[in-house]
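Here is how the chains run, residue by residue.
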Amino acid sequence: FIFLNKILSVLDFGCASGSLLYNLKKKNSKFVCYGVDVSLKAIETCNERFSIFDSFSETYSFNSFIDKENLKKFLVFNKINNFDLIVFDRVLYCLNEKEIYRQLDILSKFAKRIFIDDFLLDSDSDSDFLGYKHRDWISTMEGFGFECEINIPTIYNQVSNANARTLVFKTK
């Protein structure tokens, strides 16, 4: 998907050790990467891993929280208006509704596409899946000006008794 759609910039929300971004950067050193993770140890690990690419961290940045001004500066420095893709890979289930909406409100303004792998509540779903919080991502993202481009069973192992989906949204 990344290469077919000529995606050259990614923000990974919940990047952990930065493996996704690192693998993309290894394939193309000009790839623009921005990682966010609440773990300061993870951020430290990412910065150490990425130091092999350029010592001035011009095309990558890692932070423990979202800061709109830092995002804007990073994008301007890299001569881009938005990230080609923002990734929420099995991380949104950790957040409450208020925090999800807060993050989406900020980040949706910086994205051409958004990838979500999470539990989807849809018209065919039972809303009470043994404790897994399911959300109507399609309606939620429509509220932020995105339409669903891809809606498939999760690219990971299925979770028993849950509707785990991989979704990609693009700006309308």
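Up top is the structure.
All values derive from a computational prediction rather than experimental measurement.

(A) Seen up close, the sheet that holds strand β6 (residues 146-153). Pairing within the open sheet is mixed, and its 7 strands lie in the order β3-β2-β1-β4-β5-β7-β6. The open sheet has two free edges, formed respectively by β3 (60-63) and β6, since each of these has just one partner strand. If you compare each strand with its neighbour and ignore which way they point, the axes differ by 15° on average. Bridging between strand β5 (residues 113-119) and strand β7 (residues 164-171) involves 7 bridges; their strand directions are antiparallel. Residue pairing for β7: Phe115 is matched across the bridge by Val168.

(B) Structural view of the environment of Leu21. For Leu21, the position within the fold is in helix α1 (residues 19-27). Taking relative accessible area as the criterion, Leu21 reaches 0% and is therefore assigned buried. The spacing of Leu21 and Lys133 is 112 residues in sequence and 27 Å in space, taken between C-alpha atoms. Every residue in contact with Leu21, bar those within four places of it in the chain, is listed here: Val10, Asp12, Cys33, Tyr34, Gly35, Phe50 and Phe62.

(C) Representation of the pairing of β7. Among the 8 residues that make up β7, 6 are buried, leaving the element largely enclosed by the rest of the structure. Looking at chain direction, β6 and β7 are connected through 7 bridges and run antiparallel. Looking across to β7, one finds that Asn151 is bridged to Leu167.

(D) Geometry of the nonpolar core. Counting 29 residues, the largest nonpolar core has Leu11, Phe13, Phe83, Phe88, Leu107 and Trp137 as the members making the most contacts within it. Every element with two or more residues in this core is listed here: β1 (9-13), β2 (32-36), α3 (68-77), β4 (85-89), α4 (97-107), β5, α5 (137-143) and β7. Broken down by element, this core gets its largest block of residues, 4 residues, from α4. Not counting residues up to four positions away in its chain, the partners in contact with Trp137 are Leu92, Ile100, Leu104, Ile116, Asp118, Phe119, Leu120, Leu167 and Phe169.

(E) Layout of the environment of Glu58. Residue placement: Glu58 occurs in the loop between α2 (40-50) and β3. Sequence spacing of Glu58 and Val32 is 26 residues, and the spatial spacing of their C-alpha atoms is 8.5 Å. Filtering out sequence-adjacent residues up to four positions away, Glu58 remains in contact with Phe74, Phe77 and Asn78.

(F) Just the environment of Cys15, in detail. Take Cys15: it is sitting in the loop between β1 and α1. Note: C-alpha distance between Cys15 and Asp89 (74 residues apart in sequence) is 8.5 Å. In this structure, Cys15 is in contact with Gly35, Val36, Asp37, Cys46 and Phe62, ignoring residues within four places of it in sequence.

The rules behind each value
- Residues numbered from 1 in each chain as written.
- Predicted model: local features only at pLDDT ≥ 70, side-chain atom pairs only at ≥ 80, totals over all residues.
- Heavy atoms only, no water.
- Pairing = 2+ DSSP bridges.
- Helix = DSSP H or I, 4+ residues; strand = E, 2+ residues; numbered from the N terminus.
- Axes fitted to C-alpha atoms, helices over the stretch in contact; angles between N-to-C directions.
- Buried < 20%, exposed > 50% of the residue type's maximum accessible area, 1.4 Å probe, protein only.
- Contact = heavy atoms within 4.5 Å.
- Core = buried A, V, L, I, M, F, W, Y, C linked by side-chain atoms within 4.5 Å.

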